[in-house]
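As a plain string of letters, each chain reads:
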Amino acid sequence: MGNANVYSYLSLQKKNIIVPMVTGGKKGAYFINGTRGFYSSAKELIEHQEPISYLASQDGYYEIRENPIGVFIGKSSFEELCDWEGFEEFDAELPKSEYRELCRSGFKFKLPRIPTQLLAQLVSFFMDYTEYNVEVMGVFYFDIVHERYILDVPYQRVTKTSIDPNYTFFPSHMIKVAEIHSHNTMLADFSSIDDNDEVGTMLYGVIGKIHRGQAGKVFFDIRTRAGLAGKFIPLDPQVFIEGDLRSHRFNNRMDFIEYPNDWVNKVKFV
């Protein structure tokens, strides 16, 4: 995906995907501080993009990062940025806010969606451990060589409300895309513990209210979000997972299916 496409003003309503957007504006100053760039217009950002970019918008500043997973845009506070050398001078030279460009938080996914079959394996694993009243987790990696997903359950120490994982090492062509953990019978809401733990620029999910139904069905609720180095962008699950999953719906359901036997050897109760 080229930069010009990344920052176009689009909303894909059919798929319920919010795409980051920046439009209009006039040329102004920008400056670079290490791997961070500060910009007064989308044009400057596109032409001089750094790994971590900040755009001055009508309602403040937005942090923009792009990696193999997608494009992440989240709101930043003035206080968060003012300690960077040169920022206050940059801010003082900007036009008044009403003359700046528009921007909003959002995420654009660049990979294929996670297959339903893999999520069903993870949900089935979660179901079994809900009966022990503990949380467990799985991690989805995308193999850019073979263009397929791998679902890994790392070694983990677990309680009812926490998980301490020892992540599996994978070669560099395996991209860590998403971490999804269970909340057993509790609500599928991200906790303050989750907020403190989930500091990567990647995707996250939590599955709760898990219970076993008739005819081998597992019922659950799900929440998903994009993480931007400690900031969070709420997402519809369908943005990066195949199927008809909905947040705030306790009757999401999947067939209970078999999962690798060695997963149970990777979980330790504490």
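This section reports on the structure supplied with the text. (Residues numbered from 1 in each chain as written. Predicted model: local features only at pLDDT ≥ 70, side-chain atom pairs only at ≥ 80, totals over all residues. Heavy atoms only, no water.)

**A look at the packing of aromatic side chains**
So, step 1. Enumeration according to the criterion identifies 23 aromatic pairs in this entry.
So, step 2. Through a chain of ring-to-ring contacts, the aromatic side chains of Phe31, Phe38, Tyr54, Tyr61, Phe78, Phe87 and Phe90 assemble into a single cluster. (Phe/Tyr/Trp six-rings, centres within 6.5 Å; stacked < 30°, edge-to-face > 60°.)

**Focus on the nonpolar core**
So, step 1. By size, the foremost hydrophobic cluster in this structure holds 53 residues, and its most contacted members are Phe109, Phe125, Phe140, Val177 and Leu203.
So, step 2. Of all the elements in the fold, those that place two or more residues in this core are strand 10 (106–109), helix 5 (116–130), strand 11 (137–143), strand 12 (148–152), strand 15 (174–182), strand 16 (202–212), strand 17 (217–228) and strand 18 (231–235).
So, step 3. At nine residues, helix 5 tops the list of elements feeding residues into this core.
So, step 4. Residues within four places of Phe140 in sequence aside, it is in contact with Ile114, Leu118, Leu119, Leu122, Tyr149, Ile150, Leu151, Ile175, Lys176, Val177, Ala178 and Ile180. (Core = buried A, V, L, I, M, F, W, Y, C linked by side-chain atoms within 4.5 Å. Buried < 20%, exposed > 50% of the residue type's maximum accessible area, 1.4 Å probe, protein only. Helix = DSSP H or I, 4+ residues; strand = E, 2+ residues; numbered from the N terminus. Contact = heavy atoms within 4.5 Å.)

**Topic: the sheet that holds strand 14 (residues 163–166)**
So, step 1. Pairing is mixed in the open sheet, where three strands are placed in the order 14-13-20. The open sheet has two edge strands, strand 14 and strand 20 (267–269), and neither has a second partner. Between one strand axis and the next, the sheet turns through 20 degrees on average, direction left out of account.
So, step 2. Pairing between strand 13 (residues 155–158) and strand 20: three bridges, direction parallel. Paired with Gln156 across the strands is Val267, a residue of strand 20. (Pairing = 2+ DSSP bridges. Axes fitted to C-alpha atoms, helices over the stretch in contact; angles between N-to-C directions.)

**Topic: the sheet that holds strand 10**
So, step 1. Read from one edge of the open sheet, six strands run 4-5-6-7-8-10, paired in mixed fashion. Two strands in the sheet have a free side with no partner beyond their single neighbour: strand 4 (30–33) and strand 10. Going from strand to strand, the sheet's axes swing by 20 degrees on average, the running direction of each strand aside.
So, step 2. Bridge analysis of strand 4 against strand 5 (residues 36–39) gives four bridges, and the strand direction is antiparallel. Pairing of Tyr30 across the sheet is with Tyr39, part of strand 5.

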